[in-house]
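Single-letter residue listing:
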There are 2 protein chains.
Amino acid sequence: MKRKGLLLVVSGPSGVGKGTICKALMKLREDIKLSISMTTRAPRPGEEEGINYFFTNRDAFIRLIQQGELLEYAKVYDNYYGTPKAFVMEQLDQGVDVLLEIDIQGALKVKEQYPEGVFVFILPPTMEELKNRIVGRGTESAEAIDKRFTAAYNEIDLMENYNYFIFNDRVDLATARLISIIEAERLRIRPQSVKELIREIKEESKC
Amino acid sequence: MKRKGLLLVVSGPSGVGKGTICKALMKLREDIKLSISMTTRAPRPGEEEGINYFFTNRDAFIRLIQQGELLEYAKVYDNYYGTPKAFVMEQLDQGVDVLLEIDIQGALKVKEQYPEGVFVFILPPTMEELKNRIVGRGTESAEAIDKRFTAAYNEIDLMENYNYFIFNDRVDLATARLISIIEAERLRIRPQSVKELIREIKEESKC
């Protein structure tokens, strides 16, 4: 039975540990492909094309924006970052599940273009722990920390746009929860594909 | 955080092995309660009140029907069988997940009364295997077997009313899939409760 892949969008406030969970998932599961971002910034030492990022120049990036070829994009300082649509869609069409780790603003843009994705919101164990994690970076002023924390606190409201929530109390537990979500979503009956599913069950195995 | 329990309705054609999966689940998970049916038939040797069934008489059963106190019921030959609503609803209100193993007609009636339940359709590995299982009971005429198989074959169409499907190729795998569904549904963000969830996350842990 040919199943379309799932687009798994893992997102949450900054400092919540979504990157750690996604790395843990990718180590455990070879049947899920990580979406690779495109950027106009220069590669840093050790970064490889097609592994860490797709590197491109500003003109090419802007052309992709204009052609609607990005699932989402953002400009950070002088550089663009975005998610090429073609790569993701090809994988999904081949039945491969794609993982996209992204901030909340990016996730909401992806949802506009691909509402049938599975949107997972990562939460800190407590808001206090989130503050500790933000402080723990140790590189920012008290004012910058407060600002970052207030932003994260307000962003929690946006989880109403998501399908699932996961408390990141422990990375292994959070990763196991994400795996349960993936396993369940693979078994979900979707109105747009159920007729074909039924036909295939009956045809493949009719006696 | 006080979560409302899930009503897990596990259902599928006769002969598909839904009872075996539910028994395996109940052995593995003490955090899920099995819904107990009520019947007007007499207890068989070894059957215990409140364990195998709630036993009652015909007048009391009919009163429950009239008062809307059954999630579903059916008359089989001269006896009534049904699912008492109060028991299930009390568990759900206490945050306990309740498992209801039931035939397809019963599941569809439950859905009318409780659409927010999680409806899981158990499928045979193949239709041929389903026929083998029906034949394997060895107590029926060829005609009865054909009739039963045709009914099961046609019932597959009704899976479009369900949320999830599980192929019962191996009991341990099918049970693991059911557990993934339960774990994921516990993490699902529901429109009717998301505002309260957000409020609780922020209040419990505000710093």
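Residues numbered from 1 in each chain as written. Chains lettered and ligands numbered in written order. Predicted model: local features only at pLDDT ≥ 70, side-chain atom pairs only at ≥ 80, totals over all residues. Heavy atoms only, no water.

A. Looking closely at the overall build of chain A. When its secondary structure is counted, chain A shows 8 helices and 9 strands. Overall, the C-alpha framework of chain A stretches about 70 × 45 × 30 Å when taken along its three principal axes. Considering only contacts in chain A between residues 6 or more positions apart, those separated by 24 or more positions represent 67%. When the accessible surface of chain A is totalled, it reaches about 10600 Å², and 50% of it is carbon and sulfur. Charged side chains in chain A number 30 positive and 32 negative. The centres of these two groups are separated by 2 Å. (Helix = DSSP H or I, 4+ residues; strand = E, 2+ residues; numbered from the N terminus. Contact = heavy atoms within 4.5 Å. Areas by Shrake-Rupley, 256 points an atom, 1.4 Å probe, with all protein chains shown as cover. Lys, Arg positive; Asp, Glu negative; His and termini not counted. Charge placed at Lys NZ, Arg CZ, Asp CG, Glu CD.)

B. Inspection of the relation of the copies chain B and chain A at higher detail. You can overlay chain B on chain A at an RMSD of 0.0 Å; the transform is a turn of 180 degrees with a shift of 0.0 Å along its axis. Each copy turns onto its partner about a two-fold axis. Proximity to the rotation axis, assessed at the C-alpha, singles out S180 of chain B in chain B; its C-alpha lies 2.3 Å from the axis. By residue overlap, the copies meet face to face through one surface: 100% of the interface positions of chain B are interface positions in chain A. (Least-squares fit on C-alpha atoms with pLDDT ≥ 70 in both.)

C. Layout of the nonpolar core. Within the largest apolar cluster, 42 residues are counted, with the highest numbers of intra-cluster contacts made by V120 of chain A together with V120 of chain B. In contact with V120 of chain B, other than residues within four places in its own chain, are V9, V10, S11, Y162, Y164, I166, L178 and I181 of chain B. I198 of chain A together with M38, L71 and Y153 of chain B belong to the second-largest nonpolar core, a separate cluster that totals 39 residues. (Core = buried A, V, L, I, M, F, W, Y, C linked by side-chain atoms within 4.5 Å. Buried < 20%, exposed > 50% of the residue type's maximum accessible area, 1.4 Å probe, protein only.)

D. Quick peek at the environment of Y73 of chain A. Residue and element names in this part refer to chain A. In this structure, Y73 sits in strand 5 (residues 70-76). Since its relative accessible area comes to 34%, Y73 is described here as partly exposed. Between the C-alpha atom of Y73 and that of Q105, which follows or precedes it by 32 residues, the distance is 9.6 Å. Sequence-distant contacts of Y73, that is, excluding residues within four places in its chain, are made with F61, I65, Y80, Y81, G82 and K109.

E. Molecular detail of the sheet that holds strand 3 (residues 38-39) of chain B. Residues and elements named next belong to chain B. The strand order across the open sheet formed by 4 strands is 4-3-6-5, and the pairing between neighbours is mixed. Where the open sheet ends on each side, the last strands, each with one partner, are strand 4 (54-55) and strand 5 (70-76). Both strand 3 and strand 4 contribute to a ladder of 2 bridges, which runs parallel. When the bridges of strand 4 are listed, T39 appears paired with F55. On top of the sheet, helix 3 (residues 85-93) reaches strand 4, strand 5 and strand 6 (79-84); it is set at about 20 degrees to strand 6, its chief contact. (Pairing = 2+ DSSP bridges. Axes fitted to C-alpha atoms, helices over the stretch in contact; angles between N-to-C directions.)

F. Representation of helix 7 (residues 171-186) of chain B. Its 16 residues place the ends of helix 7 of chain B 23 Å apart at the C-alpha level, agreeing with the 22 Å of an ideal helix rising 1.5 Å per residue. Taken together, the buried positions of helix 7 of chain B are A174, T175, L178, I179, S180, I181, I182, A184, E185 and R186 of chain B. (Expected span 1.5 Å × (residues − 1).)

G. Structural view of the sheet that holds strand 9 (residues 164-167) of chain B. Residue and element names in this part refer to chain B. The 5 strands are arranged 2-7-1-8-9 in an open sheet whose pairing can be described as parallel. With one partner strand each, in any of the chains shown, strand 2 (32-34) and strand 9 form the two edges of the open sheet. In this sheet, neighbouring strand axes are inclined to one another by 25 degrees on average, regardless of whether the strands run parallel or antiparallel. Strand direction decides the pairing type here: strand 1 (residues 7-11) and strand 8 (residues 118-123), joined by 4 bridges, are parallel. What sits directly across from V9, in strand 8, is F119.

H. Region of interest: the side chain of T40 of chain B. Residue and element names in this part refer to chain B. Position of T40 relative to the elements: it lies in the loop between strand 3 and strand 4. Separated by 2.8 Å, the side chain of T40 and the backbone nitrogen of Y80 make a polar contact. Aside from chain neighbours lying at most four places away, what touches T40 is T56, N57, R58, F61, D78, N79 and Y80. (Polar contact = N/O pair within 3.5 Å; in protein donor to acceptor, adjacent residues only side chain to side chain.)

I. Broad picture of the interface of chain B and chain A. The partner chain A presents 38 residues to the 38 residues of chain B that form the contact. Surface buried jointly by chain B and chain A totals about 3500 Å² across both partners, of which 70% is contributed by carbon and sulfur atoms. Of all residues in chain B, the largest losses of buried area upon contact with chain A belong to L187, I189 and K202 of chain B, amounting jointly to 19% of the total for that side. Where chain B meets chain A, there are 6 salt bridges. (Buried area = accessible area lost by both parts, 1.4 Å probe. Salt bridge = Lys/Arg side-chain N within 4 Å of Asp/Glu carboxyl O.)

J. Layout of the packing of helix 1 (residues 18-28) of chain A against helix 7 (residues 171-186) of chain A. All names here are of chain A. Where helix 1 contacts helix 7, the axes come no closer than 9 Å and their chain directions differ by 65 degrees. Once helix 1 is placed against helix 7, the crossing between them reads as right-handed. Between helix 1 and helix 7, the residues in contact are T20, I21, A24, L25 and L28 and V171, A174, T175, L178, I179 and I182, respectively. Looking at the contact of helix 1 with helix 7 residue by residue, the classes come out as 9 nonpolar, 2 polar and no charged. (Left-handed = near helix turned anticlockwise from the far one by under 90°. Nonpolar A, V, L, I, M, F, W, Y, C, P; charged D, E, K, R; others polar.)

K. Region of interest: the pairing of strand 7 (residues 97-102) of chain A. All names here are of chain A. For strand 7, the buried fraction is high: 5 of the 6 residues fall into the buried class. Sheet analysis places strand 1 (residues 7-11) next to strand 7, joined by 5 bridges and oriented parallel. By the bridge assignment for strand 7, L8 is matched with L99. Alignment of strand 2 (residues 32-34) against strand 7, held across 3 bridges, turns out to be parallel.

L. Looking closely at the confidence of the model for chain A. Taken as a whole, chain A shows an average pLDDT of 92; of its residues, 97% reach a score of 70 or greater. Predicted as a complex, the structure gets a pTM of 0.92 and an ipTM equal to 0.91. (pLDDT = per-residue confidence, 0-100.)

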